Amino acid sequence: MINFSPLITRRFNLKLKELSIGGAIALAQIPDALKESATTEFIDQVIDSIDSQGAHNIKNARQMTAQERLLVVGHYIAHVSESEPDFPLGDGHYSDYLQSTDFEKSHEKLGVVGGDNWGISHLTGAQAETIERLVGEVPNISARFHWLLGCIATQMSMDSEEESPDPIDSVVAYTHWLKNRMQVIAAFPESQFVELLTLFIEGRSKLEHFFSIDVDDFGLIVLPSGEKEGGASLSPARF
């Protein structure tokens, strides 16, 4: 049996356990396209205990930020890796992607677009799952733009708007809300969308913790934290 060291962050103190054979079978039945759903299932399967820190109430993978989920997965792989804790990722290693920054704040005020004041919040596991379920539901856009549009729609908000449905407690309502919001933002004039995208990229960097994330045709990816030793560039990773 593998002994996992505690994973302690500003928001939770987590102890992991080894994935059971039954859990592995359940994971294998999840389609490859549902990577975020598989991540949720995996994390919930391997949590032995989790204690929230401070005023935070983190009890499962859907409540974690996308970066916290990656940290949990990375922590597990580091313990079960047959090669080394700093396991290989493409031409680099886990440490080439992991950052020392922890969660600091839940929301960042950004600026004005279209006469409205906009801000940004973290992407949670539940929100990422919803974006994933909606792939193909918004017509005439590429897969990568779907993920980018989904992240903007779920993370960006105006000061004047009402709060969205809860993505965990009101899954159907939130899914309908997000699909409609993505369609609205996709209909923005190009110049206004570029302004919003600029704010989004700026805000995403201000909320960065543990990892720098982006999207591709298949969902969330992790960007390297810097150049590899010797000046070689590393590719984005997924784990």
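A quick note: this is a predicted structure, and the numbers were derived from the prediction, not measured.

Undergrad: Can you walk me through the sheet that holds strand β2 (residues 12-16) in this structure?
TA: To summarise the sheet geometry, strands pair through backbone hydrogen bonds and adopt either a parallel or an antiparallel arrangement. With antiparallel pairing, the three strands of this open sheet are ordered in space as β1-β2-β3. Across the chains shown, the open sheet's two edge strands, defined by having one partner strand only, are β1 (7-8) and β3 (47-52). Bridge analysis of β2 against β3 gives five bridges, and the strand direction is antiparallel. Note that in β3 the partner of Lys-15 across the bridge is Ser-49. Where helix α2 (residues 35-46) meets the sheet, it contacts β2 and β3, and its direction lies at approximately 90 degrees from that of β3. The sheet contacts of helix α3 (residues 66-80) involve β1 and β2, and relative to β2 the element is tilted by about 35 degrees.

Undergrad: Looking at this structure, how should I read helix α5 (residues 143-155)?
TA: Since the α-helix advances by 3.6 residues per turn, residues separated by three or four positions end up pointing in the same direction. Helix length check: α5 (13 residues) gives 18 Å between terminal C-alpha atoms against 18 Å at 1.5 Å per residue, within 8%. Taken as a whole, α5 has its buried residues at His-146, Trp-147, Leu-148, Leu-149, Gly-150, Cys-151, Ile-152, Ala-153, Thr-154 and Gln-155.

Undergrad: Which parts of the structure should I look at to understand the side chain of Thr-40?
TA: Relative to the elements of secondary structure, Thr-40 occurs in helix α2. Residue contacts for Thr-40: discarding those within four places in its chain leaves Ala-61, Arg-62, Arg-69 and Glu-129.

Undergrad: Would you mind going over the pattern of salt bridges with me for this structure?
TA: Two side chains that carry opposite charge are able to pair once their charged atoms sit near each other. Scanning the model with the defined rule gives 12 salt bridges in all. For Glu-68, the salt bridge identified is with Arg-11, shortest N-O distance 2.8 Å. Placement of the pair is Glu-68 in helix α3 and Arg-11 in the loop between β1 and β2, with a sequence separation of 57 residues. The pair formed by Glu-68 and Arg-11 is uniform in burial state, with each residue classed as buried.

Undergrad: Even after reading the chapter, I still don't get the nonpolar core, so can you show me in this structure?
TA: Soluble globular proteins: nonpolar side chains tend toward being buried together. Ranked by internal contacts, the top residues of the largest apolar core, which has 61 residues, are Met-156 and Phe-211. Tallying contributions element by element places α3 first for this core, with seven residues. Ignoring any residue separated from it by four or fewer positions in sequence, one finds Met-156 in contact with Leu-110, Trp-118, Gly-119, Ile-120, Cys-151, Glu-161, Arg-181, Leu-196, Leu-199 and Phe-200.

Undergrad: Can you walk me through the packing of aromatic side chains in this structure?
TA: Each aromatic ring pair is described using two quantities: the centre-to-centre distance and the angle formed by the ring planes. In this structure the tally under the stated criterion is nine aromatic pairs. Measuring from ring centre to ring centre gives 5.8 Å for Tyr-94 and Phe-239, while their planes differ by 90 degrees; the resulting arrangement is edge-to-face. Pair noted here: Tyr-94 is in the loop between β5 (92-93) and β6 (107-113) and Phe-239 is in the segment after β10 (219-223), with a separation of 145 residues, a long-range link. Comparing Tyr-94 with Phe-239, the two get one shared label, buried. Taken together, the ring pairs connect Phe-87, Tyr-94, Phe-211 and Phe-239 into an aromatic cluster. Of note, Arg-11 hangs over the ring of Phe-103, and the distance from its end group to the ring centre comes to 4.3 Å.

Undergrad: How should the side chain of Thr-39 be read in this particular structure?
TA: Residue placement: Thr-39 occurs in helix α2. The residues touching Thr-39, leaving out its near neighbours within four places in the chain, are Arg-69 and Val-73.

Undergrad: Looking at this model, I keep getting lost on the sheet that holds strand β8 (residues 156-158). Mind explaining?
TA: With respect to topology, three strands assemble into an open sheet ordered β6-β7-β8, the strand pairing being antiparallel. Two strands close off the open sheet at either side, each with one partner strand: β6 and β8. For this sheet, the mean angle separating the axes of adjacent strands, direction not counted, is 35 degrees. By the bridge criterion, six bridges tie β6 to strand β7 (residues 116-121) in an arrangement that is antiparallel. Note on β7: the bridge partner recorded for Val-112 is Asn-117. Contacts between α5 and the sheet are confined to β7 and β8, with β8 contributing the most and set at about 40 degrees to the helix.

So, how was this worked out
Residues numbered from 1 in each chain as written. Predicted model: local features only at pLDDT ≥ 70, side-chain atom pairs only at ≥ 80, totals over all residues. Heavy atoms only, no water. Pairing = 2+ DSSP bridges. Helix = DSSP H or I, 4+ residues; strand = E, 2+ residues; numbered from the N terminus. Contact = heavy atoms within 4.5 Å. Axes fitted to C-alpha atoms, helices over the stretch in contact; angles between N-to-C directions. Expected span 1.5 Å × (residues − 1). Buried < 20%, exposed > 50% of the residue type's maximum accessible area, 1.4 Å probe, protein only. Salt bridge = Lys/Arg side-chain N within 4 Å of Asp/Glu carboxyl O. Core = buried A, V, L, I, M, F, W, Y, C linked by side-chain atoms within 4.5 Å. Phe/Tyr/Trp six-rings, centres within 6.5 Å; stacked < 30°, edge-to-face > 60°. Lys NZ or Arg CZ within 6 Å of the ring centre and 35° of its normal.

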